[in-house]
Amino acid sequence: MDSFSFKILEKKIIIKIKDRICETSDEMLSSRLFRDFVKICFQELIEKESPLLTVFQKPINEIGADDINCFVEVIKMLTKMPLASIPKLIENAEGLVADKERLNDLIEHLYNFWRGYERFMICRSKGSDLDKRPYRTFNKTVESLTRMVRSIYRDLQENVLGQHPNIYRQVRAGAEISTIAFPRDLYQKDSPYEKLNPVSIIRQMLIYPPLILNPPMNKRTGKFERVDRNPLDLVNLDSEEWLCYPAKVGSLLIMIYFHEKFFELGFSLCNLFELADDEFMKRKPDAVYLFGVPGEALYEFSAFPTVFYEDTANDCLVAAVPNKDDFGYFGYLKKMVLTLFNIKMMKAEKMPYHGAMVNILLKGNKSSTILIIGDTGAGKSETLEAFRTIGGSEIEEITIIADDMGSLDIDENGEIIGYGTEIGAFVRLDDLQPGYAFGQIDRTIIMNPNQTNARVIIPVTNYNTIIKGYKVDYILYANNYEEVDEDHPLIEQINSSEKAFETFKEGTAMSKGTTTSTGLVHTYFVNIFGAVQYKQEHDQIAKRYFEAFYQEGVFVGQLRTRLGIDGWERKGPEEAAIALLKLLAGKAD
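Given the structure is predicted, the values throughout are model-derived calculations rather than measurements.

Rules behind the numbers
- Residues numbered from 1 in each chain as written.
- Predicted model: local features only at pLDDT ≥ 70, side-chain atom pairs only at ≥ 80, totals over all residues.
- Heavy atoms only, no water.
- Axes fitted to C-alpha atoms, helices over the stretch in contact; angles between N-to-C directions.
- Helix = DSSP H or I, 4+ residues; strand = E, 2+ residues; numbered from the N terminus.
- Parallel < 35°, antiparallel > 145°, perpendicular 65-115°, else oblique.
- Left-handed = near helix turned anticlockwise from the far one by under 90°.
- Contact = heavy atoms within 4.5 Å.
- Nonpolar A, V, L, I, M, F, W, Y, C, P; charged D, E, K, R; others polar.
- Pairing = 2+ DSSP bridges.
- Salt bridge = Lys/Arg side-chain N within 4 Å of Asp/Glu carboxyl O.
- Buried < 20%, exposed > 50% of the residue type's maximum accessible area, 1.4 Å probe, protein only.
- Expected span 1.5 Å × (residues − 1).
- Disulfide = S-S within 2.5 Å.
- Core = buried A, V, L, I, M, F, W, Y, C linked by side-chain atoms within 4.5 Å.

A few words on the packing of helix α2 (residues 32-48) against helix α3 (residues 65-78). Orientation of α2 relative to α3, taken along the N-to-C sense of each, is 125°, at an axis distance of 10 Å. One element, α2, and the other, α3, form an angle in the oblique class. Both α2 and α3 take part in a crossing whose hand is right-handed. On α3, the residues that touch F34, R35, V38, K39 and F42 of α2 are I68, N69, F71, V72, E73, I75 and K76. A class-by-class count of the residues in the contact of α2 with α3 yields seven nonpolar, one polar and four charged.

Attention now moves to the sheet that holds strand β19 (residues 424-428). Spatially, the four strands line up as an open sheet ordered β6-β20-β21-β19, and their pairing is mixed. Looking at the sheet topology across the chains shown, the edges are occupied by β6 (211-213) and β19. Across this sheet, the average inter-strand angle for adjacent strands is 20°, counted without regard to direction. In this structure, β6 lies alongside strand β20 (residues 445-447), joined through three bridges in parallel fashion. Of the residues in β20, the one forming a bridge with I212 is I446.

Turning our attention to the pattern of salt bridges. Tallying each qualifying case throughout the model produces 31 salt bridges. Here K58 and D67 are joined by a salt bridge, their closest N and O atoms 3.1 Å apart. Close ionic contact of E575 with K571 constitutes a salt bridge, the shortest N to O distance being 3.9 Å. Taken together, the residues span about one helical turn, with E575 and K571 both in helix α13 (residues 571-584) at a distance of four residues. Judged by its relative accessible area of 24%, E575 is partly exposed. Among the charged side chains, a network of salt bridges with common partners joins K334, K335, D404 and E422.

With 17 residues, helix α12 (residues 535-551) extends 24 Å between its outermost C-alpha atoms, agreeing within 8% with the 24 Å of an ideal straight helix rising 1.5 Å per residue. Among the residues of α12, those classed as buried are H538, D539, I541, A542, Y545, F546, A548 and F549.

Moving on to the packing of α3 against helix α5 (residues 100-115). As a packed pair, α3 and α5 sit with axes 13 Å apart at the nearest point and diverge in direction by 95°. Between α3 and α5, the crossing angle belongs to the class labelled roughly perpendicular. Contacts from F71, I75 and L78 of α3 reach α5 at L103, L106, I107 and L110.

Attention shifts here to the pairing of strand β5 (residues 200-207). The element β5 is largely enclosed, with a buried count of six among its eight residues. Bridge count for strand β4 (residues 177-183) against β5 is seven bridges, and the pairing is antiparallel. The residue bridging S178 from the neighbouring strand is L206, located in β5. Bridge analysis of β5 against strand β8 (residues 242-249) gives two bridges, and the strand direction is parallel. Residue pairing across strands places I201 opposite C244, the latter belonging to β8.

To continue, consider the state of the cysteines. Evaluation of the coordinates by the stated rule reveals zero disulfides. The thiol of C316 is unpaired, and the distance to the nearest cysteine sulfur, on C244, comes to 12 Å.

This paragraph deals with the environment of G391. Assignment of secondary structure puts G391 in helix α9 (residues 380-391). Classification of G391 by relative accessible area gives buried; the value is 4%. Considering only alpha carbons, one finds G391 and L580, 189 residues apart in sequence, at a separation of 9.9 Å.

All right, on to the nonpolar core then. Among the nonpolar cores identified, the biggest contains 82 residues, and Y289, L408 and F549 are the most heavily contacted of them. Setting aside anything within four residues of it in sequence, one finds L408 in contact with K350, M351, Y353, M357, L371, I416, I417, G418, V472, I475, Y545 and F549.

What follows is the structure in structure tokens.
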């Protein structure tokens, strides 16, 4: 009997263990996982009529279960002894081992076929202390599996070909992502949330970056709709198919539940949001998100049900998205979480923003906090990266507070204070440049690298920074669509709160096609993530804040990046960065 259970789902392998994985190569090769995987691989080869199967020395359409079983037995013996010994020990193996080059090619294909799957390991056991010493747990499971698979592969190579390889490549051969997860009774009995208690909650994770994942979609479409019924009332969860990532989103605790169909997306949250620790999880969750609800239950809301519900009785927001390939894009995961965050901020009379915020320290101890508000593709990140490069020795430090979204507050002294939400960034692969300011490429999770709008998720800051609170000095609207001339400078200060309010509210941008929108678009405060759904509340908050900006002497204006204009994709942000550097240094024209 195997010491673990598993599921092969599309191009994913999910391995669940309690305390151990296979401890010997023989145990691994005798497991049901290995046999089932060999069958899947051979079925594909048979359908393709692959010449690799000529190793069996019979017509491909006659290869059956006995041949596959013989192959498995040969593999088990080949880890222990050379090829020449196999026919003496395994009946009917003579033909299979007659062509060692072809047999080696088949083994190589099987190895690559295994590595072509996304492989996840879940360590869980009620009452266990797996999370007390996570490194030891990961070492006994993930590291052990990786070493074992590599060892089996290398033993097979040497015993089939009779020679050692000259080059050893330490590729990820075991699980690519592993987690320690346990259920917790977070919710009261007889509440709509009680059904979530059996779902295991992630406590620790281990990943092997850079990680390449291929989710079903590479763009987001539609908007998130507010509904008048709690989606939890319509959903029945099989706790064995779900995991929960408890995310620290700014100051909030948001419980993100994700279905196994979208495990690659759910696990990727670790590069974007801080994982809540035990102390943080003692508080009541601010929101719950069900990502990947099976069946048709959500379709009673709309034809494209990316929905959320405001549960005023329990002071909790609830969001849900169906379990369909159409929603298999990380943007649906990230942006819904940030929508919930933004709504909570508005309820607390704070102003959410869609933009990037950084604190820049120039030589001479001149510190400035800049908020660049703009839609996706407006040139926020590109300008800041160009600023870092162009600024060179004039810059002592750039601290990233928010890459995409955050909130503004007015403190007891009337000052405007800015906060972030994410520790990571979800950025276009095409926009990464040498020396990219937002982290290191070897820590990334890369999604759909061979498609348009390929993205990376990369850590860029830390949790203490995003919740510290920084006094804001500059608020700029990222204008990516207007040419620059005498009447339209690179940085243009707006002289009244009323005009600034209207400029930011209009939210004009040239879409770069990162969603399904293209051309010149207008989006309310470039923020369809909560602000649009609560326009009346947001309008009142925004007017009060824009008045406060001018009362406190905050510089409010437009930054013309020209990123949406053909031919200016690189030069536009560079010139905007030069103008920004002059402004901060007090050398503006």
